[in-house]
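Fold and contact review
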Amino acid sequence: MPQRDDLRAAFFEECEDLLAQMGDGLALMSDAADTPELETLHSVFRAVHSIKGGAGAFGLNGLVDFAHAFETVLDLMRSGRLSIGSTGMPTLLRAYDVLSDLVAAARDGVTEPSSMAAILVELDILADGGGADEEDIEFVPVPLDLSLPFASPVEPEPAPLGYMIAFAPSAALYLAGHEPAALLRALVRLGSARVIPDTDEVSPLAAFDPGSTALRWQLELSTCASRDEVDAILDTVSHLADVMIAPLVTHAAGMEEEASTQSRPSLPDQVPSEPGPIASLAMSNSDPVPVMEARVKGMDAAPASPIRGQPEATPVQMPVASTIRVNLDRVDRLINQIGELVIMEAMLSQAITNAQIEDGGDIANGLEGIKNLAASIQESVMSIRAQPLKPVFQRMQRITREAADATGKSVRLQTIGEGNEVDKTVIERLVDPLTHMIRNSVDHGIETAERRRSVGKPAEGLITLSAAHRSGRVIIDITDDGAGIDRARVRQIAEERGLVAPGAHLAPSDIDNLLFMPGFSSKEEVSALSGRGVGLDVVRREIQALGGRVTIQSVPGQGTTFTIALPLTLAVLEGMLIDVGGETMVLPLSSIVETMRPASVQVQYLGRAARMVASRGALIPIIDLAESFGFDPVGPLEQAILIIVEYDADRCVALAVNQIHDQRQVVIKSLEDNYGDVPGISAATILGDGRIALIIDPEEIVQSAAAESLALPHVANG
Amino acid sequence: MKFRILVIDDSPTMRGLVTAALEPAGFEIHQAQDGVNGLDRLAAADPHLVITDINMPRLDGFGVIQGIRTGATNASVPILVLTTEAGGDLKDRARRSGATGWIVKPFDEARLISTINLVLGV
């Protein structure tokens, strides 16, 4: 059946979501291991359970067995028969890692991870602590028991108790800053409820007095919570509102007796918050806003309610997560087309200018409108590709755990700002460098527990991974509270490897930056963990390939912070249009520090060819951009413009160009598909007049200039 | 006439599997992604049979069974529980709530269909 393959693919997609849901839940549980929220436990349990169910359907037996063992522990926990405390948490987290691996292994058809057996044993030990029944997994279709009649219930279970609550806030309640909606939500969280706003007293708009309170609510709360719990919520406002609470007798006729005489069933998986048999308006505790049934009379406008009411006639819809899955190709096609639109708009603008049509006329205004529209469409489309950093950050939790295990250290990863959104491609390509940096922080940053204790730090090391948006870029910090960079040692290594001249004058930040030098790390120096033949130089290259920058800051004894600054998108770029030997080219604005027209006194000559410019107390090497692209040299520097660009943390060169034209947003068009990697050029763009302009990669320019032995000192501006 | 079946399961994979098994057999399948949603769709779908999962967010399978049995419409529709759970006490509880039968996942397609036909009296 071909459909089955699609379903299989859908199952693995679902697994991704479920694993993410589990990751969230487990993170919450880690923070409060002794008293995990029941709803969190339920959600983690359901995720494992769904994975097991699907895996069974596709005959993935290894996954089923493991999920079953995992689920058993979670089930014991949620039914209150097992409390694992903080000691069991690492097992659950490792089990989560293994489950992720098993899903991936099943999807890719590779062998199951070897760590599975050990974790299975750990899970069994945990489960035994809760007295798990040795119940075999029963995975054969069970024949149906048809001895039951089809008619309505034989012994319907008693409805959970509930309350009818009338709530009429006074003006003083609002003046005291209370929010009725918040109170109603708190009540609803006790179970499920029908909230009915009473607008009978609300005057028609003409006679409306904003200072008086007329809106009241009735709440049919179906809950197992005690009267005390209900009172506790309303106590805070009881003197500010008329509150009446009456027990809700029943939900369905004919059940009164049972409801009052039978005690609540005490089955193992019965939980206090389990919603009862509520009709179609039932709502759950996770809904952000109560669903309302409003009786609005006499006017169409919504009552002066903090929550918008709905007319009775329209069916009440439950809020459903409104997302769709879209093939990425379609989004990219749209982004390309928007790029074309921006180019067309620029060309049109150029044509209008050429036709000498005056500003302020209909045509110019129309064009302005199109421009604004194109810009906002572009922004919207970009936001489709934007995704939260969360999945990447979540993966780092695991990297931290594994790195901590491998080094025998105790390390916790704290994540901040993971909701910040970045282009999908940036996110994907961020995984490797981040992984490396986290491993690096655990391995080299965080000290051993004994050492930490001896200097008065908590035994558990802390790495903070935080993200924030700042001036059109996303800034990611990786901060550890470790020993900081041992600069004497770094210097010694760098000197041994010939990266710096012995005894060279180096500022502390220069020494820190040596870590990013190619060839700094070597096999004997790095440990088993981060020694995978990858140094921080590779991290820096990867970040730079994304148009980003990475810097380092370290305080001895207090820790080290790596800061990554990334563009939000790889599709457009703020650029400066420059003239290089008669060609129009684009320089990324993000790398430009300043532009200057040098006075002759500022230019100094070193030897035959090398020229430097003095700027702000530093000598900056000059590169003739035209010459480096094989055009005629720019000529006398007095007629050229120098653009000082930062090509590396705190390192600058001055690019000599013929002229600066303009500054604008350009749409990036990759050259690599057609031309391969062109040195010194990162991509191309199409200008308003239809010409193609190449986008310069300043770092590659510097590298090729250095390769031509243009004598670039290592530390130019010390 | 096509028999209508309302499938309530929070796992899209499972709903897909049941649909893939039953649609070719000539049933009209309606889907709901959790208990609350299932009860919401009950009247509109007006099914001849309901198949529900047990572990679901918002409202679980027991809630669904109770909701249907005590609801205003379709109160006597046959309800099959389709779940990975196989515990005797759970089955017992489902039976007392008013479930018609219990099938353990993963299901055998032919068996599922024959069971359904049996329940529907086809």
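Residues numbered from 1 in each chain as written. Chains lettered and ligands numbered in written order. Predicted model: local features only at pLDDT ≥ 70, side-chain atom pairs only at ≥ 80, totals over all residues. Heavy atoms only, no water.

**A look at the overall build of chain B**
From N to C terminus, chain B includes 5 helices and 5 strands. Reading chain B from its N end, one meets helices and strands in the order β-α-β-α-β-α-β-α-β-α. Evaluated residue by residue, chain B yields a buried proportion of 66% over its 122 residues. Long-range pairs, those at least 24 residues apart, make up 62% of the contacts in chain B with a sequence separation of at least 6. As displayed, chain B has an accessible area near 3,700 Å², and 49% of this comes from carbon and sulfur atoms. (Helix = DSSP H or I, 4+ residues; strand = E, 2+ residues; numbered from the N terminus. Buried < 20%, exposed > 50% of the residue type's maximum accessible area, 1.4 Å probe, protein only. Contact = heavy atoms within 4.5 Å. Areas by Shrake-Rupley, 256 points an atom, 1.4 Å probe, with all protein chains shown as cover.)

**Let's talk about the confidence of the model for chain B**
On average, residues of chain B carry a pLDDT of 85, and 99% of them reach 70 or more. Complex prediction metrics read pTM 0.52 and ipTM 0.73. (pLDDT = per-residue confidence, 0-100.)

**Concerning the side chain of Arg69 of chain B**
All names here are of chain B. Relative to the helices and strands, Arg69 resides in helix α3 (residues 61-69). Buried and without a salt bridge, Arg69 has Asp46 as its closest oppositely charged side chain, separated by 12 Å. Polar side-chain contacts of Arg69 include one of 2.8 Å to the backbone oxygen of Ala75. (Lys, Arg positive; Asp, Glu negative; His and termini not counted. Salt bridge = Lys/Arg side-chain N within 4 Å of Asp/Glu carboxyl O. Polar contact = N/O pair within 3.5 Å; in protein donor to acceptor, adjacent residues only side chain to side chain.)

**Things to note about the packing of helix α7 (residues 180-188) of chain A against helix α8 (residues 227-235) of chain A**
All names here are of chain A. Close contact between α7 and α8 brings their axes to 10 Å; oriented N to C, the two are set at 170°. Judged by the inter-axis angle, α7 sits roughly antiparallel to α8. Counting all contacts with α7, which are made through Leu183, Ala186 and Leu187, the residues of α8 involved are Val230, Ile233 and Leu234. In terms of residue class, the contact of α7 with α8 is built from 6 nonpolar, no polar and no charged. (Axes fitted to C-alpha atoms, helices over the stretch in contact; angles between N-to-C directions. Parallel < 35°, antiparallel > 145°, perpendicular 65-115°, else oblique. Nonpolar A, V, L, I, M, F, W, Y, C, P; charged D, E, K, R; others polar.)

**Considerations on a nonpolar patch on the surface**
On the surface, a nonpolar cluster with roughly 230 Å² of combined accessible area is contributed by Leu341, Leu373 and Ile377 of chain A. The residue Leu341 of chain A is located in helix α10 (residues 328-354) in this model. (Patch = residues over 30% accessible without salt bridge, like charges linked within 9 Å, V, L, I, M, F, W, Y side chains within 5 Å.)

**Overview of the pairing of strand β2 (residues 191-198) of chain A**
All names here are of chain A. Within β2, 7 of the 8 residues are buried, which leaves it mostly tucked inside the rest of the structure. One ladder, built from 8 bridges, connects β2 with strand β3 (residues 216-223); its direction is antiparallel. Bridge pairing in β3 places Pro197 opposite Trp217. (Pairing = 2+ DSSP bridges.)

**Let's talk about the side chain of Asp34 of chain B**
All names here are of chain B. Mapped onto the secondary structure, Asp34 falls in the loop between β2 (28-32) and α2 (35-45). Overall, Asp34 belongs to the buried group, its relative accessible area being 5%. Polar contacts involving the side chain of Asp34 include one to the main-chain amide nitrogen of Val36, which spans 3.1 Å. A polar contact of 2.8 Å, which involves the side chain of Asp34, links it to the backbone nitrogen of Asn37. In contact with Asp34, other than residues within four places in its own chain, are Ile8, Met56, Pro57 and Arg58.

**A closer look at the sheet that holds strand β1 (residues 4-8) of chain B**
All names here are of chain B. Across the sheet, which stays open at both edges, the 5 strands sit in the order β2-β1-β3-β4-β5 with parallel pairing between neighbours. Lying at the two open borders of the sheet, with one neighbouring strand each, are β2 and β5 (101-104). Each strand of the sheet is rotated relative to its neighbour by a mean of 20°, with strand direction disregarded. As paired strands, strand β4 (residues 79-83) and β5 are joined by 4 bridges and run parallel to one another. Each bridged residue has a counterpart across the sheet, and for Leu82 the counterpart in β5 is Ile103.

**Let's talk about the sheet that holds strand β11 (residues 559-567) of chain A**
To summarise the sheet geometry, strands pair through backbone hydrogen bonds and adopt either a parallel or an antiparallel arrangement. Residues and elements named next belong to chain A. Within the open sheet, the 5 strands sit side by side as β6-β8-β9-β11-β10. Their pairing is mixed. Strands at the two margins of the open sheet, each flanked by one partner only, are β6 (411-416) and β10 (549-555). Here the strands of the sheet are splayed against their neighbours by 15° on average, with no regard to which way each runs. Bridging between β10 and β11 involves 7 bridges; their strand directions are antiparallel. Across the sheet, the residue bridging to Ile552 is Phe562, located in β11. Of the strands in this sheet, β6, β8 (461-470), β9 (473-480), β10 and β11 are in contact with helix α13 (residues 424-445), which crosses β9 at around 20°.

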